[in-house]
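Survey of secondary and tertiary structure
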Amino acid sequence: MIISGRGSNLRALYDYSQRDDAAFEIVAVVSDKGKAAGLEFASSCGIPTAHVPRLAKERSTEEFNTALAETVAAFQPDLVVLAGFMRILRPEFIDKFPNQIINIHPSLLPSFPGLDVQQQALDAGVRFSGCSVHLVTAKVDAGTIIGQAVVPIKPEDDADSLSARILAREHQL
């Protein structure tokens, strides 16, 4: 699993992985942020962790993606889950794990790819938003959709309130 922050989807997946009927285990958590709260949570659960810093002034995006791919590959995952990873992966990473990377995205794809999707939905005036789990391809947020959950947009919503309700559905999805 690859994260960038607090790891709320990591926590939801970890909780599910502890069930008797869970068909998966989390073999490692990798982050581009060394102080990501999700890394601390994973360590407290006995899950191996790794930090691969972006180091924008020291290495290119391609070099970062190569280093990230090497780190993840060392854990020999069957599936790579992007759970709140806030970087766009490049071919140097994607090509190492063909059809093995899934992303949790806070919109009903194909609508509103990229960043700031809750505000995009509010600005567009749509009545529903939600979240998607999809396969990762070289085109951002364009891979095959595996699952989606719908969240109605309320008249009083702002980006924060909508984001919180979508996140709750991400945890379920």
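About the cut-offs
- Along every chain, residues carry numbers that run from 1 in the direction the sequence is written.
- Totals for whole chains, interfaces and linings use all residues, but because this is a predicted model, local features are given only for residues with pLDDT of at least 70 and pairs of side-chain atoms are given and counted only at 80 or more.
- In computing side-chain properties, one takes all heavy atoms of the structure into account and sets aside hydrogens as well as water.
- Each pair of aromatic rings taken from Phe, Tyr and Trp, with Trp reduced to its six-membered ring, is defined by centres within 6.5 Å and is described as stacked if the planes are under 30 degrees apart, edge-to-face if over 60, and tilted in the remaining cases.
- Geometrically, a lysine NZ or arginine CZ counts as sitting over a ring once it is within 6 Å of the ring centre and also within 35 degrees of the ring normal.
- To qualify as a helix, a DSSP run of H or I must reach at least 4 residues; to qualify as a strand, a run of E must reach at least 2; elements of each kind are numbered from the N terminus.
- We define a salt bridge as a contact between a side-chain nitrogen of Lys or Arg and a carboxyl oxygen of Asp or Glu at a distance within 4 Å.
- Burial status follows relative accessibility: with a 1.4 Å probe on protein chains alone, a residue under 20% of its type maximum counts as buried, one over 50% as exposed, and anything between as partly exposed.
- For helices, the fitted axis covers only the stretch in contact; all axes are lines through C-alpha atoms, and the angles between them, taken along N-to-C directions, range from 0 to 180 degrees.
- Definitions for this section: a left-handed crossing has its near helix turned counterclockwise from the far helix by less than a right angle. A right-handed crossing has that turn clockwise.
- Whether two residues touch is decided by their heavy atoms; if any such pair falls within 4.5 Å, the residues are in contact.
- Classification used: nonpolar for Ala, Val, Leu, Ile, Met, Phe, Trp, Tyr, Cys and Pro, charged for Asp, Glu, Lys and Arg, polar for all others including Gly.

**Here's the deal with the packing of aromatic side chains**
- Throughout the structure, instances matching the rule amount to three aromatic pairs.
- Consider the rings of Y16 and F24, whose centres lie 6.0 Å apart with planes at 5°: the pair is stacked.
- Residue placement shows R87 over the ring face of F64; its charged tip is 5.8 Å from the ring centre.

**Observations regarding the environment of V29**
- Looking at the element boundaries, V29 is found in strand β2 (residues 29-31).
- Between the C-alpha atom of V29 and that of A121, which follows or precedes it by 92 residues, the distance is 30 Å.

**A few points about the pattern of salt bridges**
- Counting across every chain of the model gives three salt bridges.
- Taking the shortest distance from any N to any O, the salt bridge between R87 and D32 comes out at 2.7 Å. Of this pair, R87 sits in the loop between β4 (80-82) and α4 (91-94) while D32 is found in the loop between β2 and α2 (37-44), placing the two residues 55 residues apart along the sequence.
- What makes R87 partly exposed here is its relative accessible area of 30%.
- Residue D32 is classed as buried on the basis of its relative accessible area, which comes to 6%.

**Examining the packing of helix α5 (residues 117-124) against helix α6 (residues 159-172)**
- Contact pair α5 / α6: the axes reach a minimum separation of 9 Å and the direction vectors enclose 115°. The crossing of α5 and α6 is right-handed. Only A159, L162, S163 and I166 of α6 make contact with α5, whose side of the interface consists of Q118, Q119 and L122.
- Of the residues in the contact of α5 with α6, the class split is four nonpolar, three polar and no charged.

**Looking at the environment of V136**
- By secondary structure assignment, the location of V136 is in the loop between β6 (128-135) and β7 (145-152).
- Overall, the relative accessible area of 14% leaves V136 in the buried class.
- For the pair V136 and Q100, spaced 36 residues apart in sequence, the C-alpha separation works out to 8.0 Å.
- Apart from residues lying up to four places away in sequence, V136 is in contact with L82, I94, I101, I102 and N103.

**What about unusual backbone geometry?**
- Going from L109 to P110, the amide bond is cis rather than trans, its omega being 15°.
- Counting through the fold element by element, P110 comes out in the loop between β5 (101-105) and α5.
- One non-glycine residue with positive phi stands out, namely L55, at about 50°.
- Position of L55 among the secondary structure elements: in the loop between β3 (49-51) and α3 (61-73).
- Phi is positive for Q76, which is not a glycine, with a value near 50°.
- Residue position: Q76 is located in the loop between α3 and β4.
- The exposure class assigned to Q76 is exposed, which follows from its relative accessible area of 67%.

Remember, this is a structural readout, not a statement about activity or role.
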